[in-house]
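Residues per chain are reported as follows:
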Amino acid sequence: MTQLPPLRHAVSRTLLIPLWCCGTACPLNPDAAYDPHAARLLADLDKDFHEDFVAIRKTFGECGQATTLARERHIDHAVRKFAHAHPRGVVVNLGCGLGTAGYRTPLGNVLWYDLDLPEVIRLRTSLLPPMPGRHSLSGSLLDDDWQEAVPFSPERGILLLATGVFQYLPRASLLPALQRMAARFPGGRLLFDAVSGPGCRAANLYLQKAGFGNAPMRFSVNSARELERLSPRIRGRFLPYFSHLEKERLRFGTRLRLSLLQGLRLAHMVRLDFAPQQSLGS
């Protein structure tokens, strides 16, 4: 068996959590049919990360699966709408990990770019098959090199995605990066998941329990207005996190926990729209 490239960065290892959640069967994902690429990756990696996956299962269980699937279905919905409206557009998956969103939705002539740290991209390219229109970028989303590598024009349109990544970044570094994205991609859209302050504290308890305590969540958002204050170019909106989830099939305890997550606003899907160039200053 070929030796897999190692994951040395603490935040890089957290990609195992959504991979397990998407690649294992649950009432919302029978036989892991929703994401067969994730199921295959999970099988490929089980020998190397078996103990991690056991800890993830014990800690996150069905609630973690449902929460992750809710987020991924937001992504699928956004990609479908974008591809329909922008048939020659560009999608960039920031901090992609081993996410397989680019394989789940037909893209037509839309270009897809997966961006992550070099060690993650090495692992990713060793496991996932190349496909036309999909490209890998190696680097940090906090740097600007990737922005220059992505073909962009307002006419083509751009959709930026970030799932399970912003939470781990320092606020002092992430907020300026968001400002630069808004300036570089007028008319573009960014969709990401976030936690509130209390949600961040609760999530870190789970990460500690699962053995990921050396990669704590640092970034939280309590209102879209916080992000709008970064720049007059940014318009923010919170989307109902579980709006694409059929919760009726889940166990009562799981449904109760999800209701608490939603009722206490511990987790959000956040949409940022960047003002078109012609509207600036008006």
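Quick look at the structure, then. All values derive from a computational prediction rather than experimental measurement. (Residues numbered from 1 in each chain as written. Predicted model: local features only at pLDDT ≥ 70, side-chain atom pairs only at ≥ 80, totals over all residues. Heavy atoms only, no water.)

**Some details on the overall build of the protein chain**
Quick note on the threshold: Helix numbering and strand numbering both begin at the N terminus, where a helix is a DSSP run of H or I of at least 4 residues and a strand a DSSP run of E of at least 2. C-alpha atoms define the radius of gyration, and 2.2 Å times the number of residues to the power 0.38 defines the globule rule. Pairs of residues are marked as contacts when any of their non-hydrogen atoms sit within 4.5 Å.
Regarding its fold elements, the protein chain presents ten helices and seven strands. Taking 282 residues into account, the globule formula puts the C-alpha radius of gyration at 19 Å, and the protein chain, at 18 Å, falls close to it. Structurally, the protein chain occupies a C-alpha span of about 55 × 45 × 35 Å along its principal axes. Within the protein chain, residue pairs in contact and separated by at least 24 positions form 75% of the contacts whose partners lie at least 6 positions apart.

**Notes on helix α3 (residues 36-85)**
Test applied: Any helix carries an expected span of 1.5 Å times its number of residues minus one. A residue's bend is given by the angle between axes fitted to the 7 residues ending at it and the 7 residues starting at it.
Here α3 contains 50 residues, and its C-alpha end-to-end distance of 27 Å is more than 12% below the 74 Å for a straight helix at 1.5 Å per residue. By the largest-angle criterion, phenylalanine 49 marks the main kink of α3, which is about 100°.

**A short note on a nonpolar patch on the surface**
We apply this condition: Only residues whose relative accessible area exceeds 30% and that take part in no salt bridge are eligible for patches, with like-charged residues grouped when within 9 Å of each other and nonpolar side chains (Val, Leu, Ile, Met, Phe, Trp, Tyr) grouped when within 5 Å. For accessible areas, the Shrake-Rupley method is used with a probe of radius 1.4 Å. Any residue's cover is judged against the shown protein chains and nothing else. For salt bridges, the criterion is a side-chain nitrogen of Lys or Arg within 4 Å of an Asp or Glu carboxyl oxygen. Whether a residue is buried, partly exposed or exposed follows from its accessible area with a 1.4 Å probe, protein chains only, as a fraction of its type maximum: under 20%, in between, or over 50%, in that order.
Taken together, the side chains of Phe252, Leu256, Leu260 and Leu264 make up a nonpolar region of the molecular surface, amounting to roughly 440 Å² of accessible area. Mapping leucine 256 onto the fold places it in helix α10 (residues 252-263). Relative accessible area serves as the criterion here: at 45%, leucine 256 is assigned to the partly exposed category.

**Points about the side chain of aspartate 76**
Convention followed: Nitrogen and oxygen atoms within 3.5 Å of one another constitute a polar contact, given that in protein one can donate a hydrogen and the other can accept it, and given that sequence-neighbouring residues count only through two side-chain atoms.
In this structure, aspartate 76 sits in helix α3. A polar atom in the side chain of aspartate 76 sits 2.9 Å from the side chain of arginine 104. Look past the residues within four positions of aspartate 76 in its chain and what remains in contact with it is Tyr34, Arg104 and Thr105.

**Notes on the environment of arginine 71**
Topologically, arginine 71 is positioned in helix α3. Along the sequence, arginine 71 and aspartate 193 sit 122 residues apart, while their C-alpha atoms lie 7.2 Å from each other. Not counting chain neighbours up to four residues away, the residues in contact with arginine 71 comprise Pro18, Thr163, Gly164, Asp193, Tyr241 and Met269. Within polar-contact distance, the side chain of arginine 71 engages the side chain of aspartate 193 at 3.1 Å.

Such coordinate-based values are descriptive only and should not be taken to indicate function.
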